[in-house]
Amino acid sequence: MRLEFVTPERLIAHEEVDELQLPGEEGSLGVLPGHTPMLVALKVGEMWYRKGSEKFFGYVGFGFAEILPDRVTILARIAEKADDIDLQRAEAAKRRAEEQLAEVKRSGNEADYERARLALLRAITRLQVSQHARRR
Ligand code: ATP
């Protein structure tokens, strides 16, 4: 099946794939050719697709996927291929978010807590995606 994976800024992947997995709002969703048509909301998470015996990983930060029997279109708000993830930047974002969370524990500001929690989730997810890609 055809995979079209884009963000508003760039094309992430445009390939023929055998299988893929998406971070759906309701949980991760595996897709094989011939899947029932559906529209899926995506959360912050890891995605991967397989071409033959090779698996490719990517980071998705919200968006939608349209699944058709022979085509999957991922419209992500933010996304990166595993190889394009800057590890130092993700480590720095993780440290910053952890510091902010510690700070919020003292101030008790809920909006700040939520912002820091989401930033930490993005950073940890990027680090995981990169780690899984290196381990494949
Ligand atoms: P940071 O605090 O480092 O900016 P963030 O989680 O706030 O991280 P996002 O808002 O998710 O960043 O993304 C903003 C832009 O920066 C997007 O274009 C995204 O692809 C890119 N980006 C963010 N972090 C990384 C990273 N570690 N490696 C590569 N690109 C990144």
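That block above? That's the structure.
Residues numbered from 1 in each chain as written. Predicted model: local features only at pLDDT ≥ 70, side-chain atom pairs only at ≥ 80, totals over all residues. Heavy atoms only, no water.

**Side note on the overall build of the protein chain**
What counts here: Runs of H or I in DSSP of at least four residues are treated as helices and runs of E of at least two as strands, each being numbered from the N terminus. Any two residues whose heavy atoms approach within 4.5 Å at even a single point are treated as in contact. Per-residue and other accessible areas follow the Shrake-Rupley method at a 1.4 Å probe size, with only the shown protein chains counted as cover for residues. We score Asp and Glu as negative and Lys and Arg as positive, and we do not count His or the chain ends. In this description, the location of a charge corresponds to atom NZ of lysine, CZ of arginine, CG of aspartate or CD of glutamate.
Across its full length, the protein chain holds 2 helices and 8 strands. Along the chain direction, N to C, the helices and strands of the protein chain fall in the order β-β-β-β-β-β-β-β-α-α. Of the contacts made within the protein chain by residues no fewer than 6 positions apart, 53% connect residues no fewer than 24 positions apart. Total accessible area on the protein chain stands at roughly 8200 Å², and carbon and sulfur atoms take up 49% of it. Computed over 22 positive and 23 negative side-chain charges, the inter-centroid distance for the protein chain is 4 Å.

**Section: the pattern of salt bridges**
To keep it simple, the criterion reads: By salt bridge we mean one thing: a side-chain nitrogen of Lys or Arg within 4 Å of a carboxyl oxygen of Asp or Glu. Classification of residues uses two cut-offs on accessible area relative to the type maximum, computed with a 1.4 Å probe and protein chains only: under 20% is buried, over 50% is exposed, and between them is partly exposed.
Counted according to the given criterion, the structure contains 8 salt bridges. Here Lys94 ties to Glu98 by a salt bridge, and the two come within 3.3 Å at their closest N and O atoms. Pair noted here: Lys94 and Glu98 are both in helix α1 (residues 87-107), with a separation of 4 residues, about one helical turn. Note on Lys94: relative accessible area 24%, which makes it partly exposed. Of the residues examined, Glu98 reaches a relative accessible area of 36% and is grouped as partly exposed. For Arg117, the salt bridge is made with Glu114, and the minimal N-O distance between the two is 2.8 Å.

**Focus on helix α2 (residues 110-135)**
Rules: Multiplying 1.5 Å by the helix residue count minus one yields the expected span of that helix. Whenever two N or O atoms come within 3.5 Å, that pair is a polar contact, provided that in protein one can donate a hydrogen and the other can accept it, and provided that, for residues adjacent in sequence, both atoms are side-chain atoms.
Taking 1.5 Å of rise per residue, 26 residues should cover 38 Å, and α2 covers 37 Å from first to last C-alpha, within 8% of that figure. Of the positions making up α2, those classed as buried are Ala116, Ala119, Leu120, Ala123, Thr125, Arg126, Leu127, Val129, Ser130 and Ala133. Of the residues that open α2, the one with a side-chain oxygen 2.9 Å from the backbone nitrogen of Ala111 is Asn109.

**Points about the site of the ligand**
Our working rule: Near is defined per residue: the residue qualifies when any heavy atom it owns lies within 4 Å of the molecule or strand. Buriedness of a pocket was judged along seven lines, with at least five required to meet protein on both sides within 12 Å; pockets are open sets of points on a 1 Å grid over the protein atoms alone, cavities are sets where a 1.4 Å probe fits but cannot get out, and lining residues have an atom within 4 Å of a point. Here the criterion for a molecule occupying a pocket or cavity is that more than half of its atoms lie within 2 Å of the pocket grid points. Only Asp, Glu, Lys and Arg are considered charged in this grouping, and only Ala, Val, Leu, Ile, Met, Phe, Trp, Tyr, Cys and Pro are considered nonpolar; every other residue, Gly among them, is considered polar. Residue ranges for the domains originate in an automatic or database domain assignment.
All residues in the neighbourhood of the ligand are listed as Arg10, Ile78, Glu80, Asp84, Ile85, Asp86, Arg89, Ala90, Arg96, Arg122 and Arg126. At a separation of 2.5 Å, an oxygen atom of the ligand approaches a polar side-chain atom of Glu80. Note that an oxygen atom of the ligand is positioned 2.7 Å from one of the side-chain N or O atoms of Arg96. Protein coverage of the free-state accessible area of the ligand, which is 580 Å², stands at 72%. More than half of the atoms belonging to the ligand lie within 2 Å of the grid points that define the largest pocket. Elements with a minimum of two residues in the shell around the ligand: β8 (71-81), α1 and α2. Top element by residues in the shell around the ligand is α1. It accounts for 3 residues. Counted by class, the shell around the ligand contains 3 nonpolar, no polar and 8 charged residues. Per-domain counts for the shell around the ligand show at least three residues from each of domain 1 (2-83) and domain 2 (86-135).

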